[in-house]
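The chain contents come next:
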Amino acid sequence: MANKLLLTVLAIYRLIVTVGLTISPTEPFQLGAIRLSTDSAELEEASVDFGRLGRAEPIAVFRPSSAHDVAGLVKAATSGVGFPVSARGHGHSINGQAHTGDGVVVEMGRRKAENGNGYGSGAVVPKVNVEEEYVDVWGGELWVDVLRCTLEVGLAPRSWTDYLYLTVGGTLSNAGISGQAFNYGPQIRKGKIVTCSEEKSPELFHAVLGGLGQFGIITRARIALEPSPQRVRWIRVLYSNFTAFTKDQEYLISLHDKPKSQKFDYVEGFVIVDEGLINNWRSSFFSPSNPVKISSLGTNNEGVLYCLEITKNYFDSQNYSVDQEIETLLKDLDYIPASEFTTDLPYIDFLDRVHKAELKLRSKGLWEVPHPWLNLFVPKSRISDFNEGVFKGILGNKTSGPILIYPMNKHKWDNRTSVVTPNEEVFYLVALLRSALENGEETQSLEYLTDQNRRILKFCKDANIGIKQYLPHYTTESEWINHFGDKWEHFNKMKTEFDPKRILATGQRIFKPIFDTNDVAFR
């Protein structure tokens, strides 16, 4: 407690020295036109994230309304003694990546106007260029608001994450992915940051993309658009044979260069080791009055099934042709014949499907709970070993949440960016999206799930699976060096060039801040 108090006092001292003003406990800090809030409610909100696995209260919170505001704060943070700065979008990180316990959190998320409609004063509103099919947006814009804005002119972004209540800057910094990634690559592959691009300051441009917030704060981005489909045919089929499941997934993503009529628009999948999870929180697919029962499918596969999830986007005028296209694509797949389930819905409803499940969980008090998620990239050559060791081994028959699994094409990922993937052309995302509950069941406790994550990572290390963590979390420099591999030298060089005092995104625990050389306590 005494150490925490000492750190807090010294951190406040650094802020006072840098800002050059005294601090009143009832007033926010004032830095020129910038007001740094010390309101207890704002500090509390910034001290936790979606993962709820830890807590770190900042010294102050800053809500910018422009890129100029952000630049002013960062300039102040790198002047004099200095202090850490972490950008926070919608707070959806898992392990405190946007936290800073002795600095300022920049709340990039929007604040609606006082009447609840539109944007507050001074906000940078999205600007759609219909002719050239792009939209310029604020880095703290939620993807769902980008979608609503572009749909007004019949356009939509090409690539998505499964959950739309994330900020543009957050997903660009972390390489947002979904079932469209096999076709378009991650959300970092296309677009231009207003202050840098592939032509202007290309090293910074590529470093920031997938750079975990280490090189700058994304304040504005240009997002490529395309004509928005009107409807989605959403299909799920089941497999009892893992080899057949992965073979079909890999075949479908190999069609990425085919005409639109000869491929699906979205390819994902998930593992079912618990019968209840076929109708899980991530799914608004099956009717609650007619849930799917594994036992009714007549399979016996050690309690494990695999679900392929695919979609076809279309316009109302294409209703007949889309049926023929789907039939042609499905006939080459080797799924359980009785397991084909199809639904049809508006495009925006499909994209926003996870939020609907979120609202249900919130109503039951099951959303704001610890989320010990584990996201891994697994090379194609070892995915079968991972299946045997984890899905059929470590997990047992309880998972406490969905397990996503789907392949991607490495050549769709720009190697100049900071994101790290396995050294194979095809690799899989395996995402264990678990929720820890205090309901008396040991297998759903935070301690049990955290230990299970450790066992999975140990298995991968001992078996030399060659995984890379997606949305990585490490606590030592040696672990980060191992994670980045051949990219570490360049990553470290970019940090020295663009953030020499190492004040940005300290919650990632990649680099330690370098303050004034006389400030030994913080070196």
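Calculation rules
Residues numbered from 1 in each chain as written. Predicted model: local features only at pLDDT ≥ 70, side-chain atom pairs only at ≥ 80, totals over all residues. Heavy atoms only, no water. Helix = DSSP H or I, 4+ residues; strand = E, 2+ residues; numbered from the N terminus. Buried < 20%, exposed > 50% of the residue type's maximum accessible area, 1.4 Å probe, protein only. Contact = heavy atoms within 4.5 Å. Areas by Shrake-Rupley, 256 points an atom, 1.4 Å probe, with all protein chains shown as cover. Polar contact = N/O pair within 3.5 Å; in protein donor to acceptor, adjacent residues only side chain to side chain. Salt bridge = Lys/Arg side-chain N within 4 Å of Asp/Glu carboxyl O. Core = buried A, V, L, I, M, F, W, Y, C linked by side-chain atoms within 4.5 Å. Phe/Tyr/Trp six-rings, centres within 6.5 Å; stacked < 30°, edge-to-face > 60°. Axes fitted to C-alpha atoms, helices over the stretch in contact; angles between N-to-C directions. Parallel < 35°, antiparallel > 145°, perpendicular 65-115°, else oblique. Left-handed = near helix turned anticlockwise from the far one by under 90°. Nonpolar A, V, L, I, M, F, W, Y, C, P; charged D, E, K, R; others polar. pLDDT = per-residue confidence, 0-100. Pairing = 2+ DSSP bridges.

Digging into the overall build of the protein chain
Next, step 1: Summing up its helical and strand segments, the protein chain has 15 helices and 18 strands in all.
Next, step 2: The buried share of the protein chain, taken over its 523 residues, is 54%.
Next, step 3: Across the protein chain, every contact between residues at least 6 apart in sequence was considered, and the portion connecting residues at least 24 apart equals 74%.
Next, step 4: Split by element, the accessible area of the protein chain, about 23300 Å² in all, is 50% carbon and sulfur.

Re the environment of Glu44
Next, step 1: Considering the arrangement of structural elements, one finds Glu44 in helix α2 (residues 40-46).
Next, step 2: As a C-alpha pair, Glu44 and Glu57 span 13 residues in sequence and 6.6 Å in three-dimensional space.
Next, step 3: At 2.5 Å, the side chain of Glu44 forms a polar contact with the side chain of Arg55.

Description of the pattern of salt bridges
Side chains that carry opposite charge are capable of pairing whenever their charged atoms lie near each other.
Next, step 1: What the rule picks out here adds up to 26 salt bridges.
Next, step 2: In this structure, Arg63 engages Glu45 in a salt bridge whose closest nitrogen and oxygen atoms are separated by 3.8 Å. In this pair, Arg63 is assigned in the loop between β3 (60-62) and α3 (67-77) and Glu45 in helix α2, connecting sequence segments 18 residues apart.
Next, step 3: Looking at Glu45, the relative accessible area reads 40%, which means it is partly exposed.
Next, step 4: Asp257 is paired through a salt bridge with Lys412; the nearest N and O atoms lie 4.0 Å apart. You can see Asp257 sitting in the loop between α8 (242-253) and β12 (266-272) and its partner Lys412 sitting in the loop between β16 (403-409) and β17 (426-432), a full 155 residues away along the chain.
Next, step 5: Take Lys412: its relative accessible area is 9%, and that puts it in the buried class.
Next, step 6: Several salt bridges share partner residues, and in doing so they unite Arg52, Glu358, Arg362 and Glu368 into one network.

Focus on unusual backbone geometry
Next, step 1: At Asn464, a residue that is not glycine, the phi angle is positive and equals roughly 55 degrees.
Next, step 2: Tracing the chain through its elements places Asn464 in the loop between α13 (446-462) and β18 (468-469).
Next, step 3: Positive phi, normally seen in glycine, also occurs at Ala505, with a value near 50 degrees.
Next, step 4: Along the chain, Ala505 falls in the segment after α15 (488-498).
Next, step 5: Here Ala505 falls in the buried class, since its relative accessible area comes to 9%.

Some points on the nonpolar core
Next, step 1: One finds Ile177 and Met408 to be the most contacted residues of the largest nonpolar core, which totals 69 residues.
Next, step 2: Setting aside its immediate chain neighbours within four residues, Met408 contacts Ile177, Ala181, Phe182, Ile253, Phe377, Trp413, Glu425, Val426, Phe427 and Leu429.
Next, step 3: In terms of nonpolar packing, the next biggest core, distinct from the first, is built from 44 residues, Phe245, Tyr314, Leu376 and Ile394 among them.

Focus on the packing of aromatic side chains
For any pair of aromatic rings, geometry is given as the distance between the ring centres together with the angle between the planes.
Next, step 1: Taken as a whole, this structure holds 26 aromatic pairs when the rule is applied.
Next, step 2: Note on Phe242 and Phe245: the rings are 6.1 Å apart at their centroids and 45 degrees apart in plane angle, and the pair reads as tilted. You can see Phe242 and its partner Phe245 sitting in helix α8, 3 residues apart, about one turn around the helix. Comparing Phe242 with Phe245 shows no difference in burial state: the two are buried.
Next, step 3: Aromatic pair Phe484 and Phe491: ring centres 4.1 Å apart, planes at 25 degrees, arrangement stacked. The two residues Phe484 and Phe491 agree in class, both being buried.

Concerning the packing of helix α12 (residues 383-394) against α13
Next, step 1: Where α12 contacts α13, the axes come no closer than 11 Å and their chain directions differ by 155 degrees. As the angle between them shows, α12 and α13 are arranged roughly antiparallel. α12 and α13 meet at a crossing whose hand is right-handed. Mapping the contact onto sequence places Asp385, Phe386, Gly389, Val390 and Ile394 in α12 and Gln452, Arg455, Ile456, Phe459 and Cys460 in α13.
Next, step 2: Looking at the contact of α12 with α13, its residues break down into 6 nonpolar, 2 polar and 2 charged.

Remarks on the confidence of the model for the protein chain
Next, step 1: Per-chain confidence: the protein chain averages 84 in pLDDT, with 82% of residues scoring 70 or above.
Next, step 2: Within the model, pLDDT remains below 50 along residues 1-27, and this stretch shows 37 contacts once partners closer than five positions in the same chain are excluded.
Next, step 3: Per-residue pLDDT stays below 50 along residues 519-523; that stretch engages in 13 contacts with residues further than four places along the chain or on separate chains.

Brief notes about the side chain of Ser418
Next, step 1: Assignment of secondary structure puts Ser418 in the loop between β16 and β17.
Next, step 2: By relative accessible area, which is 8% here, Ser418 ends up buried.
Next, step 3: Of note is the side chain of Ser418, whose polar atom sits 2.6 Å from the backbone oxygen of Ala207.
Next, step 4: If sequence neighbours within four positions are ignored, Ser418 has contacts with His206, Ala207, Leu209, Gly210, Gly211, Phe215, Phe484, Lys487 and Phe491.

With respect to the pairing of β17
Next, step 1: Of all the 7 residues making up β17, 7 are buried; the element is thus mostly covered by neighbouring parts of the structure.
Next, step 2: The alternating pattern of β17 places Val426, Tyr428, Val430 and Leu432 on one face and Phe427, Leu429 and Ala431 on the opposite face, and all of these are buried.
Next, step 3: Pairing geometry for strand β15 (residues 374-379) and β17, over 6 bridges, is antiparallel. Pairing of Val378 across the sheet is with Tyr428, part of β17.
Next, step 4: Bridging between β16 and β17 involves 7 bridges; their strand directions are antiparallel. The residue bridging Leu404 from the neighbouring strand is Ala431, located in β17.

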